[in-house]
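Each chain, written out:
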Amino acid sequence: MLLHKNIFGAIFCLAIAYPIARCYAQQNAHKLLLVFGDSLFDPGNNQYLNGTIHAPATTYPYGMSFNNHSTGRLSDGLILPDFIAQNAGMNLLPPFLKPGANFSDGANFASAGAGVLETHSGVMNLKVQISNFKKVLSSLVKKVGETEAKKTVMRSVFLLSLGGNDYFSFSTDYPNATTAERTKYVNMVIANLTNGIKELYENGLRKLAIQNVGPLGCYPTVKAMFPQVNGTCVRTFLVNANLHNRALSQAMNKLETQLPGFKYSIFDYFHALAARIQNPAKYGFKDGEDACCGSGLYNGRGCGEKGCNVCSNPNEYVLFDGAHHTQRTNQQLAQLLWSGVPRMTGPYNMKQLFQFA
């Protein structure tokens, strides 16, 4: 993977503009937002990879609600981390790989197609994203010293969304997997995710918000793959997602007992999105079944390709393309993650995580 030689040139208020001591004094109480994830959280990193990965979200109609500016976000506009940053009083976090980007409020390492495991070649999975985070940390250490850098990271909030691609791949490749095989795979994903969180903890993580795996079987792209289900959610995909989500809850609870000072938030993304897909009118939408953009059954594929359908008002749709949300849905989900009650986002929500010292 090719990283721009100046990728860290603007990280964390560098001494280009201020002497280091003065710069850090201004930032001393500042908390960063550090984002890890897949296409749901990717602000456009994949367009800066080495060219083997096509980034469809860099072309219209992606970004149609963002002044018709396609940024690499798989939405008509902003994505969930953008709204979290706004709620925290921050600027939108740029893609980590964007040359010359300003990371004074944090960094977003998410990569469309990423998994906890290496589900797609050429994208940045969890292991690579953690490696990139360490580069950011190393840059900060050089500027303010190891002790102060770690204090900054310990004050900061980490946000993570991974797992969907792991289970989409498994569910597609092994539709008839036994319960034992499903459980073995879930345990492997959770073990790798847990090890990744522990590695981040060793490098300063103390506050983590994580969303669970969504209702994969209800996405238009999945339902279009199984026309025989007549528009209902595909059970196999739901079963695997639910197995993961139960194991995730147990794993996070265990980490809290093992890691001193560790606080976490799990956002029940599965039920939050499923509710909007199944009952869109309750949440102010007109269509939860079809994507705003795409072709074929439920507009489940091909958004951005020649001849695809594009709705006139994305705000009426829960989903923008076959597997990603509209800006309006992202805003609603972000609000639940930011200030939701414990049964939706708990034991803490992100607002509370930011309030902790």
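What counts as what
Residues numbered from 1 in each chain as written. Predicted model: local features only at pLDDT ≥ 70, side-chain atom pairs only at ≥ 80, totals over all residues. Heavy atoms only, no water. Helix = DSSP H or I, 4+ residues; strand = E, 2+ residues; numbered from the N terminus. Rg over C-alpha atoms; globule rule 2.2 N^0.38 Å. Contact = heavy atoms within 4.5 Å. Areas by Shrake-Rupley, 256 points an atom, 1.4 Å probe, with all protein chains shown as cover. Pairing = 2+ DSSP bridges. Axes fitted to C-alpha atoms, helices over the stretch in contact; angles between N-to-C directions. Disulfide = S-S within 2.5 Å. Buried < 20%, exposed > 50% of the residue type's maximum accessible area, 1.4 Å probe, protein only. 1 Å grid on protein atoms, 1.4 Å probe; cavity = no way out; pocket = protein on both sides within 12 Å on 5 of 7 lines; lining within 4 Å. Points joined across faces, edges and corners; volume = space filled by probe spheres on them. Nonpolar A, V, L, I, M, F, W, Y, C, P; charged D, E, K, R; others polar. pLDDT = per-residue confidence, 0-100. Parallel < 35°, antiparallel > 145°, perpendicular 65-115°, else oblique. Left-handed = near helix turned anticlockwise from the far one by under 90°.

Novice: Could you give an account of the overall build of the protein, with specific residues and numbers?
Specialist: Looking only at helices and strands, one finds eleven helices and ten strands in the protein. In summary, the protein has a C-alpha radius of gyration of 20 Å against a globular reference of 21 Å for 357 residues, a match within 12%. Each principal axis of the C-alpha distribution contributes one length, and for the protein these read about 65 × 45 × 40 Å. For the protein, the proportion of contacts with a sequence separation of at least 24, taken over those separated by at least 6, is 72%. Here the protein has roughly 15000 Å² of accessible surface; of this, 50% comes from carbon and sulfur atoms.

Novice: Help me get a handle on the sheet that holds strand β3 (residues 157-161), residues and values and all.
Specialist: Sheet architecture is open: six strands sit in the order β2-β1-β3-β4-β5-β10, paired in mixed fashion. Both outer strands of the open sheet, β2 (106-108) and β10 (345-347), are each paired with one neighbouring strand and no more. Taken pair by pair, the neighbouring strands of this sheet meet at an average axis angle of 20°, ignoring direction. Alignment of strand β1 (residues 33-37) against β3, held across five bridges, turns out to be parallel. Note on β3: the bridge partner recorded for L34 is F158. Packing against the sheet, helix α8 (residues 235-258) makes contact with β4 (207-211) and β5 (263-267), and its axis sits at approximately 170° to β5.

Novice: Describe the state of the cysteines, with residues and values.
Specialist: Going through the model one piece at a time under the given rule, you end up with three disulfides. One disulfide in the model links C218 with C233; its S-S distance is 2.0 Å. Sign of the S-S torsion, about 110° for the bond between C218 and C233, identifies this disulfide as right-handed. A residue pair is termed long-range when its members are at least 10 positions apart, and C218 in the loop between β4 and α7 (220-225) and C233 in the loop between α7 and α8 qualify at 15 residues. Given the relative accessible area of 23%, C233 is considered partly exposed.

Novice: Before we move on, can you summarise the layout of surface pockets with the specific residues and values?
Specialist: In this approach the atoms are scanned with a rolling probe the size of a water molecule, which exposes any empty space left behind. Each pocket or cavity is described by its volume, and for the second largest pocket that value is around 260 Å³. As for the second largest pocket, its lining consists of 16 residues, and the residues nearest its centre are N212, N245, S249, I266 and D268. Broken down by secondary-structure element, the contributors of at least two residues to the lining of the second largest pocket are α8, β5, α9 (269-278) and β10. Sorting elements by how many residues they give to the lining of the second largest pocket places α8 first, with four residues. Counted by class, the lining of the second largest pocket contains seven nonpolar, six polar and three charged residues.

Novice: Residue-level account of the confidence of the model for the protein, with values.
Specialist: In regions of low pLDDT, the predicted coordinates are not meant to be interpreted in detail. Per-residue confidence for the protein gives a mean pLDDT of 91; residues scoring 70 or more make up 91%. With pLDDT under 50 throughout, residues 1-28 is counted as low confidence; its partners more than four residues away or in other chains account for 56 contacts.

Novice: Any details on the packing of helix α3 (residues 126-144) against helix α6 (residues 179-202)? Residues and values, ideally.
Specialist: The interhelical angle for the contact between α3 and α6, taken along N-to-C directions, is 5°, at an axis separation of 11 Å. Considering the angle they form, α3 stands roughly parallel to α6. Contact residues: L126, I130, F133 and K134 in α3; N192, L193, G196, E199 and L200 in α6. Class assignment of the residues belonging to the contact of α3 with α6 gives a composition of five nonpolar, two polar and two charged.

Novice: I'd like to hear about unusual backbone geometry, residue by residue, with values.
Specialist: With an omega of 10°, the peptide bond running from Y60 to P61 counts as cis. In the segment running from G346 into P347, the intervening peptide bond is cis, with an omega of 5°. Phi is positive for N230, close to 55°, though the residue is something other than glycine. Within the secondary structure, N230 sits in the loop between α7 and α8. Accessibility expressed as a relative area gives 67% for N230, which makes it exposed. Notably, N299 is not glycine yet its phi reads approximately 55°, a positive angle. With respect to the helices and strands, the residue N299 is situated in the loop between β7 (293-294) and β8 (309-310). The exposure class of N299 is buried, given its relative accessible area of 13%.

Novice: Quick rundown of the packing of α9 against helix α10 (residues 327-339)? Include the residues and the values.
Specialist: Two elements in contact, α9 and α10, have axes whose closest approach is 11 Å; the angle formed by their N-to-C orientations is 140°. Taken together, the axes of α9 and α10 are oblique relative to one another. In this structure, α9 meets α10 at a crossing whose hand is right-handed. Seen from α9, the contacting residues are Y269, A272, L273 and R276; seen from α10, they are T329, Q332, L333 and L336. Residues belonging to the contact of α9 with α10 are distributed by class as follows: five nonpolar, two polar and one charged.

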